[in-house]
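Observations on the model geometry
Listed here are the chains, written in short residue letters.
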Amino acid sequence: MPFWGLLKRELFGKEPIERLNESQIEFLTGLTQDVLSIIREEIKQVDFWESYPKQKRLKVLSNISLYRENKFLFGTWQFRKFSF
């Protein structure tokens, strides 16, 4: 739930969950699963926690995924840095 909540805040702001429709909730759930999958794969790498380049790669991959989904969701790029 923490990642889902973070993604919800990044994409929908402080909009209450009750105001999101079913497709938005499904979208957030799928996006959360995708981001967690990226995280799981990246942190399996040998020496991940001691390697700044590997950690930075994870951050970049996460942001790319979020930007791609943001464009799909809103039809335009939101040029802002996500807080991951």
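Residues numbered from 1 in each chain as written. Predicted model: local features only at pLDDT ≥ 70, side-chain atom pairs only at ≥ 80, totals over all residues. Heavy atoms only, no water.

Observations regarding the overall build of the chain
Let me state the cut-off plainly: Helical segments are the DSSP runs of H or I of at least four residues, strand segments are the runs of E of at least two, and each set is numbered from the N terminus. For every residue, the accessible area obtained with a 1.4 Å probe (protein chains only) is divided by the maximum for its type, and the residue is called buried under 20%, exposed over 50%, and partly exposed between those limits. For accessible areas, the Shrake-Rupley method is used with a probe of radius 1.4 Å. Any residue's cover is judged against the shown protein chains and nothing else.
When its secondary structure is counted, the chain shows 3 helices and 0 strands. Its helices and strands in sequence order give the chain the pattern α-α-α, from N to C terminus. Relative to its full complement of 84 residues, the chain shows a buried share of 29%. Here the chain has roughly 6000 Å² of accessible surface; of this, 58% comes from carbon and sulfur atoms.

Quick look at the nonpolar core
We apply this condition: Among the buried residues, those of types Ala, Val, Leu, Ile, Met, Phe, Trp, Tyr and Cys that are joined through side-chain atoms within 4.5 Å form a nonpolar core.
Counting residues in each nonpolar core, the largest one holds 13 residues, and the members touching the most others are Leu7, Leu11, Phe12, Leu28, Leu31 and Val35. Contributions of two or more residues to this core are made by α1 (2-12), α2 (22-43) and α3 (52-74). With 5 residues, α2 is the largest single contributor of residues to this core.

Re the pattern of salt bridges
Short version of the rule: Each salt bridge in this description consists of a side-chain nitrogen of Lys or Arg and a carboxyl oxygen of Asp or Glu lying within 4 Å of one another.
One pass over the full model with this rule turns up 3 salt bridges. The residue Glu15 makes a salt bridge to Arg19 at a minimum N-O spacing of 3.9 Å.

Structural notes on unusual backbone geometry
Non-glycine residue Asp47 carries a positive phi angle of around 65°. Summarising the element assignment, Asp47 is placed in the loop between α2 and α3. Given a relative accessible area of 48%, Asp47 falls into the partly exposed group.

What to know about the packing of α1 against α2
The cut-off we apply is this: For every element, the axis is a line fit to its C-alpha atoms; helices are fit only across the contacting stretch, and the angle between N-to-C directions ranges from 0 to 180 degrees. Any angle from 65 to 115 degrees is called roughly perpendicular, while one under 35 is roughly parallel, one over 145 is roughly antiparallel, and all others are oblique. Note on convention: near helix rotated counterclockwise from far helix by under a right angle means a left-handed crossing. Clockwise means right-handed. A contact between two residues is defined here by any heavy atoms of the two lying within 4.5 Å. Three categories are distinguished: nonpolar for Ala, Val, Leu, Ile, Met, Phe, Trp, Tyr, Cys and Pro, charged for Asp, Glu, Lys and Arg, and polar for the others, with Gly belonging to the last.
One way to put it is that α1 packs onto α2 with a least axis distance of 9 Å and a crossing angle of 120°. The angle between α1 and α2 places the two elements in the oblique class. Judged by the twist between their axes, the crossing of α1 over α2 is right-handed. In this structure, α1 uses Phe3, Trp4, Leu7, Lys8, Leu11 and Phe12 to contact α2, whose residues at the interface are Gln24, Ile25, Phe27, Leu28, Thr29, Leu31, Thr32, Val35, Leu36 and Ile39. Class assignment of the residues belonging to the contact of α1 with α2 gives a composition of 12 nonpolar, 3 polar and 1 charged.

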